[in-house]
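Each chain, letter by letter, is given below.
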Amino acid sequence: MVTTHNLGFPRIGAGRELKFALEAYWKGQSSRDELNSLGAQLRQRHWKNQSGLDFVPVGDFSFYDHILDMSFTLGNLPERVRGFQGEALDNYFRVARGRSVSQDACCGVQAGEMTKWFDTNYHYIVPEFAATTEFALDASRLLAQLAEARAQGINVKPVIIGPVTYLWIGKTKDGSDKLALLERLLPVYGELLNLLAAHGVEWVQIDEPVLVTELDTEWRHALTLAYHHLKTSRVKLLLATYFGQLQDNLHLACTLPVAGIHLDAINAQSEVTQLADLLPSYKVLSLGVVNGRNIWKTDLDATLDWLQPVHHRLGDRLWIAPSCSLLHVPVDLSGERKLDPEIRSWLAFALQKLDELKILAAALNQGRAAVAAELEDNRAAIAARRASARVNNPAVKAALAGITPASGRRKSVYAVRARQQAALLNLPAYPTTTIGSFPQTAEIRLARSRFKSGELDEAGYKVAMQAEIARCVHEQEALELDVLVHGEPERNDMVEYFGEQLDGYAFSQFGWVQSYGSRCVKPPILFGDISRPKAMTVEWIKYAQSLTAKPMKGMLTGPVTILNWSFVRDDQPRSVSCRQIALAIRAEVLDLEKAGVRVIQIDEAALREGLPLRKAQWRQYLDWAVDAFRIAANGVQDDTQIHTHMCYSEFNDIMAAIADMDADVITIETSRSDMELLDAFDGFKYPNEIGPGVYDIHSPNIPTREHIVQLMRRAEARIPAERLWVNPDCGLKTRQWAEVIPALRNMVAAARQLRTI
Ligand code: GLN
Ligand code: ZN
């Protein structure tokens, strides 16, 4: 018999109940007891949702982040919160977000740093280490949840982060070697496992996703050391890997003294046979056969075709599960009433994925005939999707075939273009601009929601947005900025806005996925060939341009960012979908140019985060990503100026690719790194223009003129002054007008001062 299990379940709730409960608690509108009881309700509901599986995860629920939970379990609290007495939950929120409830004025601390969990869009709170870090077990959370699950009659499998991954994803604050802490950490893990054994636990899932990354000898050795230390514990360990292939860590993974291994067979199907060959016969092999990262139905026939022989070989030693925790997908498709029924019939959210898992198990255990009807339904849905005219658009395929190397090349090199652009735009030295958005005021949000609910008609909405655009333009003129923007009032989100207007995209109503804490995102669903039925931004930009004699920037989101922030179809390479988006954006760029817009910005905020987990695969990704950007951007005349924007600060390792995009101007986030980031551009001799952000828009602080001048002086030490722009480091959407006006006033004054010397 094959064993079924799950690695983790989304905790936010199908109706985002956890989000609302957290936010009410933080605002002081509900009590700790109410929050705790909502947590317990959600856990119960989710365990019930998973009933029918042989093992159900326990400990995957979290009030904010499961890595932060692990830090608390290991007694690894940052020094700055140790002094606070009182409820552990409040301290937990202090680390997570700087304070507990909003009245917690006395006890605010610096929030823990947050970063992306491997290549997902989930953010965890980075564990903090120092040479002096000591660990001490606090198993209360896990034991309490274990008891709750047992009371519900659940066959439990506690889930924890493994010691090596825990160290790997953390940061030392004093420059010490975090691996040196392993020796101190392992006894605490040992204690935890024995405690779980004492509570009657048979299996523990221990997550070591580091095994899908490139590891040096020391880290590989750490894995060996750790699992040899833990092998004396009285539970069975299921070592879980996910998000990729094991590759050169495959042998290591097989030799670790654990009772079983989980492999992400969606990303690493090619390694299944080898793993089955190498794995000692007393170990269990768990295969992740349902994709935990996307929202498509599994092709059950195709899966069974390769899985059945593996089952024959392994018999009871085979377990099956989703490829990774279902944290990364929405909860339940059945609430989606507005989704087009045809598209809906191709999808599976977390609950539907667990149903698929059960069908697969039944087919393996009892033969396909036992689930003939379910398989037939699945077959029909898969076939319908494959053949659907909504997915396949021959015109898009033909347009893609028409792309030539020349499509991605400007007519002249940057030096030639720069002269023509200077002649056309006639900008001063140190030109000033902003990144695109201006404050999204309550009025803008109200107008949008009234428009969505039908209370405001299209004409009324247009008038309201034009009024906002006019306000933005007038403010920028008063500030005497050099290159203006329209302010993006009509955009709720920089990807959704374009997705909604492109053919080949669908939108769910409740397809929320946790990004961090109470923050959720609802990625648009890219289901088919992408095309642009009509211009998407031209009318707004033309209107904005009509209000001023200064250059108005056209503002677009780039193809790579649109792709990386969507659920993407799995029936063709991502690179192909990206090229299709690139062609749609290219058409928009050319329409803007035709309408007289001569400065066009194409944001690629998410280019970096698409990098594969293994460096060896970076080249390939960057090649197609840069290629897509070039196709989108480079069809314009030499004197049209292309800008791009990236809001992060690590460029060192991708500098060649950034230069290869060949944008005339790139604006980046630098204000928090004191321009050190520009070293990468300097070292590489980056040839085009750069706007290093001089105003940290993530903070309410108003930068002074002196500070901005100082930052720009540092920039000049690295980049020739004639290629520098002066701008904030990202869009101003989340700020208030009252902050933005004085900040930009200082920025313009700083540029003036720079010009005089
Ligand atoms: N143009 C967008 C804005 O200004 C860019 C946002 C981003 O880079 N995240 O909001
Ligand atoms: Zn940005």
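The rules behind each value
- Residues numbered from 1 in each chain as written.
- Chains lettered and ligands numbered in written order.
- Predicted model: local features only at pLDDT ≥ 70, side-chain atom pairs only at ≥ 80, totals over all residues.
- Heavy atoms only, no water.
- Donors = N, O, S within 2.8 Å, 3.2 Å for Na, K, Ca; no water.
- Tetrahedral: all angles 85-135°; square planar, octahedral: opposite > 155°, others 65-115°.
- Helix = DSSP H or I, 4+ residues; strand = E, 2+ residues; numbered from the N terminus.
- Buried < 20%, exposed > 50% of the residue type's maximum accessible area, 1.4 Å probe, protein only.
- Near = heavy atom within 4 Å.
- Polar contact = N/O pair within 3.5 Å; in protein donor to acceptor, adjacent residues only side chain to side chain.
- Areas by Shrake-Rupley, 256 points an atom, 1.4 Å probe, with all protein chains shown as cover.
- Nonpolar A, V, L, I, M, F, W, Y, C, P; charged D, E, K, R; others polar.
- Pairing = 2+ DSSP bridges.
- Axes fitted to C-alpha atoms, helices over the stretch in contact; angles between N-to-C directions.
- Contact = heavy atoms within 4.5 Å.
- Left-handed = near helix turned anticlockwise from the far one by under 90°.
- Right-handed = clockwise from strand over helix to strand, strands pointing away.
- Parallel < 35°, antiparallel > 145°, perpendicular 65-115°, else oblique.
- Salt bridge = Lys/Arg side-chain N within 4 Å of Asp/Glu carboxyl O.

Could you clarify how one ought to interpret the coordination of the zinc ion (ligand 2) in this entry?
Ideal geometry at a metal centre: 109.5 degrees between donors when four sit tetrahedrally, and 90 or 180 degrees when six sit octahedrally. Distances from the zinc ion (ligand 2) to its protein donors, His 645 (NE2), Cys 647 (SG) and Cys 730 (SG), fall at 2.1 to 2.5 Å. Viewed at the metal, the four donor atoms of the zinc ion (ligand 2) are separated by angles of 84 to 123°, and the geometry they form is irregular. Read from N- to C-terminus, the donor residues coordinating the zinc ion (ligand 2) fall into the pattern H-x1-C-x82-C. Note that His 645 is positioned in strand S20 (residues 641-646) and Cys 730 in the loop between helix H27 (705-716) and helix H28 (737-756), a separation of 85 residues in sequence. On the accessibility criterion, Cys 730 (17% relative accessible area) is buried.

Just to check I follow, could you spell out the site of ligand 1 for this structure?
The local shell around ligand 1 consists of Ile 435, Gly 436, Ser 437, Glu 488, Met 494, Met 555, Asp 603, Ala 605, His 645, Cys 647, Cys 730 and Gly 731. Ser 437 is positioned such that a nitrogen or oxygen atom in its side chain is 2.7 Å from an oxygen atom of ligand 1. When ligand 1 is considered free in solution it has 300 Å² of accessible area, and contact with the protein chains removes 90% of it. When its residues are assigned to classes, the shell around ligand 1 shows six nonpolar, four polar and two charged.

What am I meant to see in the sheet that holds S20 here?
Each strand in a sheet pairs with another by means of backbone hydrogen bonds, the pair being arranged parallel or else antiparallel. Across the sheet, five strands lie side by side as S17-S19-S20-S21-S22; this open sheet has parallel pairing. Edge positions in the sheet fall to strand S17 (553-557) and strand S22 (689-692), since each of these pairs with one other strand and no more. Across the sheet, the mean angle separating the axes of adjacent strands is 20° when strand polarity is ignored. In terms of strand pairing, strand S21 (residues 665-668) meets S22 through four bridges, oriented parallel. If you follow Ile 668 over to S22, its bridge partner there is Pro 692. Strands in contact with helix H23 (residues 574-594) are S17, strand S19 (599-603) and S20; relative to S17, the strand with the most contacts, it is inclined by about 170°.

Can you walk me through the packing of helix H8 (residues 182-198) against helix H9 (residues 217-230) in this structure?
Geometry of a packed helix pair, given as the angle between the helix axes and the separation of the axes. It is the contact of H8 with H9, at a shortest axis distance of 9 Å, that shows an interaxial angle of 35°. Once H8 is placed against H9, the crossing between them reads as right-handed. For the pair H8 and H9, contact is made by Leu 182, Leu 186, Pro 187, Tyr 189, Gly 190 and Leu 193 and by Ala 222, Leu 225, Ala 226, His 229 and Leu 230, respectively.

I would appreciate a short explanation of the pairing of strand S11 (residues 284-290) in the present structure.
Looking along a regular strand, one sees side chains alternate from face to face of the sheet. Of all seven residues that make up S11, seven are buried, and the element is covered over most of its length. Examined bridge by bridge, strand S10 (residues 260-264) and S11 share five bridges and lie parallel to one another. By the bridge assignment, Ile 261 is partnered in S11 with Leu 285. Of the crossover connections in this fold, the one passing from S10 over helix H11 (residues 272-278) to the parallel S11 is right-handed.

Looking at this model, I keep getting lost on the packing of H27 against H28. Mind explaining?
Packing of H27 against H28 leaves a shortest axis separation of 8 Å and a crossing angle of 50°. One way to sum up the angle between H27 and H28 is to call them oblique. For H27 against H28, the interelement crossing comes out right-handed. Counted together, Arg 705, Ile 708, Val 709, Met 712, Arg 713 and Glu 716 of H27 and Asn 746, Met 747, Ala 749, Ala 750, Gln 753 and Leu 754 of H28 form the full contact between these two elements. Its residues assigned to classes, the contact of H27 with H28 shows seven nonpolar, two polar and three charged.

I'm lost on the pattern of salt bridges in this one. Help?
In a structure, side chains of opposite charge can pair up when their charged atoms sit close to one another. Evaluated as defined, the whole model comprises 49 salt bridges. One salt bridge connects Arg 379 with Glu 376, and the closest N-O pair in it is separated by 2.7 Å. Placement of both Arg 379 and Glu 376 in helix H15 (residues 372-387) is noted, with a separation of three residues, approximately one turn of the helix. For Arg 417, the salt bridge goes to Asp 664, with nearest N and O atoms at 2.9 Å. Of this pair, Arg 417 sits in helix H17 (residues 414-425) while Asp 664 is found in the loop between helix H25 (655-661) and S21, placing the two residues 247 residues apart along the sequence. Among the residues examined, Asp 664 registers a relative accessible area of 0% and is labelled buried. If you follow the salt bridges from partner to partner, you end up with Arg 385, Lys 397, Asp 529, Arg 569, Asp 570 and Asp 571 in one network.

Honestly, the environment of Glu 468 in this entry has me stumped. Any pointers?
The topology assignment puts Glu 468 in helix H19 (residues 458-479). Separated by 22 residues in sequence, Glu 468 and Glu 490 have C-alpha atoms that sit 9.0 Å apart. In this structure, Glu 468 is in contact with Thr 441, Glu 443, Ile 444 and Pro 489, ignoring residues within four places of it in sequence.

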